[in-house]
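Chain residues, written in single-letter form:
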Amino acid sequence: MRPRYITGTEWLSGTSDGCLQVWTQLKKKPVSVFRGAHHCRPKAPPAGAPAPAPPARGSWATANSEAVGWVQSVAVARGSDLAASGAGDGAIRLWAVEQSKHGGAGSLRPIGELPAFGFVNGLALERQGRFV
């Protein structure tokens, strides 16, 4: 998966454990990590615990794989605070890139999701954010 630039010095990337990260060229670590952006397949509940809810319709969560939560694609609408991410968990998630207190990109705020069947291997956002 290729990271996508938010600005010329800041970018967004995804991880294999379902996290989204905001990076800047000024630091060696991400400036922000949103954990659980996409959900990996849940592990079996302990004995006596209630069964988890069934997977979302259209998701690949029933495929016997942890890969459903891997963030496989990210996109950023140039010149805006809108970003999107995709995995195999049945949704394309939309995000607002919040500014940090020092200026520049900071944290991510979820703003919505769109249904997606299968694995989302590539994303693009139209400049004004009307089309994914």
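This section reports on the structure supplied with the text. (Residues numbered from 1 in each chain as written. Predicted model: local features only at pLDDT ≥ 70, side-chain atom pairs only at ≥ 80, totals over all residues. Heavy atoms only, no water.)

One finds Ile 6, Leu 12, Leu 20 and Leu 108 to be the most contacted residues of the largest nonpolar core, which totals 13 residues. Going through the elements one at a time, β3 (20-24), β5 (73-76), β7 (91-99) and β8 (105-115) are the ones with two or more residues in this core. Residue contacts for Ile 6: discarding those within four places in its chain leaves Trp 11, Leu 12, Val 22, Val 76, Val 97 and Ala 105. Counting 10 residues, the second largest nonpolar core, distinct from the first, contains Ala 116, Val 120, Leu 123 and Leu 125. (Core = buried A, V, L, I, M, F, W, Y, C linked by side-chain atoms within 4.5 Å. Buried < 20%, exposed > 50% of the residue type's maximum accessible area, 1.4 Å probe, protein only. Helix = DSSP H or I, 4+ residues; strand = E, 2+ residues; numbered from the N terminus. Contact = heavy atoms within 4.5 Å.)

A separate point is the pattern of salt bridges. Considering all chains together, one arrives at four salt bridges under this definition. Notably, a salt bridge pairs Glu 98 with Arg 109, separated by 2.6 Å at the nearest N-O pair. Pair noted here: Glu 98 is in strand β7 and Arg 109 is in strand β8, with a separation of 11 residues, a long-range link. You can call Arg 109 partly exposed: its relative accessible area is 41%. (Salt bridge = Lys/Arg side-chain N within 4 Å of Asp/Glu carboxyl O.)

The geometry of an aromatic ring pair is captured by the separation of the ring centres together with the interplanar angle, meaning the angle of the planes. Taken as a whole and judged by the stated rule, the model has two aromatic pairs. Look at Phe 34 and Trp 95: their rings are 4.7 Å apart centre to centre, the planes differ by 65°, and that puts the pair in the edge-to-face class. Taken together, the positions of Phe 34 in strand β4 (residues 32-34) and Trp 95 in strand β7 put the pair 61 residues apart, joining distant regions of the chain. (Phe/Tyr/Trp six-rings, centres within 6.5 Å; stacked < 30°, edge-to-face > 60°.)

Before going further, it helps to examine the pairing of β8. Strand direction decides the pairing type here: β7 and β8, joined by eight bridges, are antiparallel. For Ile 92, the partnering residue across the bridge sits in β8 and is Leu 114. The hairpin formed by β7 and β8 contains five residues between the paired strands, and Gly 103 there has a positive phi angle of roughly 90°. (Pairing = 2+ DSSP bridges.)

The next point concerns the sheet that holds strand β1 (residues 4-5). A sheet is described by the order of its strands in space; here four strands give the open sequence β1-β2-β3-β4, paired in antiparallel fashion. Looking at which strands have only one partner, the edges of the open sheet turn out to be β1 and β4. Of the strand pairs in this sheet, β3 and β4 are connected by three bridges, and their pairing is antiparallel. Of the residues in β4, the one forming a bridge with Leu 20 is Phe 34.

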